[in-house]
Amino acid sequence: MLEVVFGDSAAGGMSAAIGRKKPIIIASAPVISITKRPGPELSRAEIRKAQEEAEERSWAEAVPLEGSDRDIFSFDLLLSTGAIDEDGIGPARKSVLCALYPEWADQMGKTVEEGQKNLSVLLERAEKGESIRVWSSNNPEEACGLYWLMEQLRPIGFENLDITLVRLPEFQERPDGAVVQYVGWGEVEPYQFGRMALSGEKLPVNAMRMMADRWKQLQQENAPLRAVLNGRLVSAPESLYDSYILREIAAQGQEFNGAMVVGNVLGKYRLGIGDGWVAWRMEQFIREGLIEPVTPVERDWPSYRRVFRKGAS
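A brief structural summary. (Residues numbered from 1 in each chain as written. Predicted model: local features only at pLDDT ≥ 70, side-chain atom pairs only at ≥ 80, totals over all residues. Heavy atoms only, no water.)

## Some points on the sheet that holds strand E4 (residues 132–136)
Stage number 1. The strand order E3-E1-E4-E5-E8 describes an open sheet built from five strands, whose pairing is mixed. Where the open sheet ends on each side, the last strands, each with one partner, are strand E3 (72–74) and strand E8 (201–202).
Stage number 2. Direction of pairing for strand E1 (residues 2–5) relative to E3: parallel, over a ladder of three bridges. From the neighbouring strand, Val4 faces E3, where its bridge partner is Phe73.
Stage number 3. Against the sheet, helix H4 (residues 105–127) contacts E1, E3 and E4, and its axis sits at roughly 135° relative to E3. (Pairing = 2+ DSSP bridges. Helix = DSSP H or I, 4+ residues; strand = E, 2+ residues; numbered from the N terminus. Contact = heavy atoms within 4.5 Å. Axes fitted to C-alpha atoms, helices over the stretch in contact; angles between N-to-C directions.)

## Quick word on the packing of aromatic side chains
Geometrically, a pair of aromatic rings is defined through the distance of the ring centres and the angle of the planes.
Stage number 1. The tally for this structure, following the rule as stated, stands at seven aromatic pairs.
Stage number 2. When the ring of Phe256 is compared with that of Phe308, the centres are 5.8 Å apart and the planes differ by 20°; the resulting orientation is stacked. You can see Phe256 sitting in strand E11 (residues 255–257) and its partner Phe308 sitting in strand E13 (residues 307–310), a full 52 residues away along the chain.
Stage number 3. Accessibility expressed as a relative area gives 4% for Phe256, which makes it buried.
Stage number 4. Within the aromatic cluster, the residues linked to one another by ring pairs are Trp135, Trp185 and Phe193. (Phe/Tyr/Trp six-rings, centres within 6.5 Å; stacked < 30°, edge-to-face > 60°. Buried < 20%, exposed > 50% of the residue type's maximum accessible area, 1.4 Å probe, protein only.)

## Quick word on helix H1 (residues 8–19)
Stage number 1. Here H1 is twelve residues long and its end C-alpha atoms lie 16 Å apart, about the 16 Å a rise of 1.5 Å per residue gives.
Stage number 2. Of all the residues in H1, the buried ones are Ala10, Ala11, Gly13, Met14, Ser15, Ala16, Ala17 and Ile18.
Stage number 3. Just past H1, the residue Arg20 takes up positive phi, approximately 50°. (Expected span 1.5 Å × (residues − 1).)

## Here's the deal with the pairing of E13
Stage number 1. Sheet topology places E11 next to E13; three bridges connect them, and they run antiparallel. Bridge pairing links Phe256 to Phe308 in E13.
Stage number 2. Sheet analysis places strand E12 (residues 291–293) next to E13, joined by three bridges and oriented antiparallel. If you follow Pro293 over to E13, its bridge partner there is Phe308.

## So, the sheet that holds E12
Stage number 1. Strand order across the open sheet formed by three strands is E11-E13-E12, with antiparallel pairing between neighbours. Of all the strands in the sheet, just E11 and E12 have a single pairing partner and so form its edges. Going from strand to strand, the sheet's axes swing by 35° on average, the running direction of each strand aside.
Stage number 2. Strand contacts of helix H9 (residues 258–269): E11 and E13, with the helix running at about 60° to E11, the strand carrying the most contacts.
Stage number 3. Here helix H10 (residues 275–287) sits on the sheet and contacts E11, E12 and E13; the angle it forms with E12, its principal contact strand, is near 100°.

Structure, rendered in structure tokens:
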């Protein structure tokens, strides 16, 4: 089974699931709501111990996810952002990634090269008849990735493909009463993958074709952004998320730390976008006079890692 994900964090979690090992680094975390129960407040040490014990139980009860690392194909291409009018994975996608993360331009180049390699191998193995399992959600990056993938697979012939789609659940309630909400597969704990795989459904040929055709339409529109609105993947203007960013800027003092704004936007609203896009829009706000930088950008650091002042505009 070929496993396709649309982010390196998801790929890392899946690799840990297959190897039944704890990941070394957790890039992001889901939102967890806990219903307060009567009794004394627990100390941090007690909470940490309870969490560790719960995780051990989860691993012990986990449904195994069979496979190997060579079967995992990650496409961390941020396809919800920027131009998408080229075929495959080419220089235009690299340009978008480097614009969003100029401080990591070298790494973005490697990401594109890795995506190209993964796509080549995936198509070769799919053409030989291997089954594919795609892990997607309403996260704009994963939704775009799913539709993009269908277009890449079109030349093989949809009737020749065996594709299972695993959709991320909207929420989960754990045995301890905690309700967990995930934004994307990169937030899912490794021990959850095996059980969630059981919810996968075979994609009908017409569904594959519909997704591929929709991606072609989105390519023709070639908007600055793509988003999932009312369950449909649509083109969107670059100002789509501005109200959330501006709201968090307004909540700050006259001078403020840009990293605080970015963190609040990502953590509070859970929009499925990355810090690169928020930083990109803040640069536009500078050009419009809404904010102005007080301190310079440090070498190899994101542009929002500095102090800003609210403008007169």
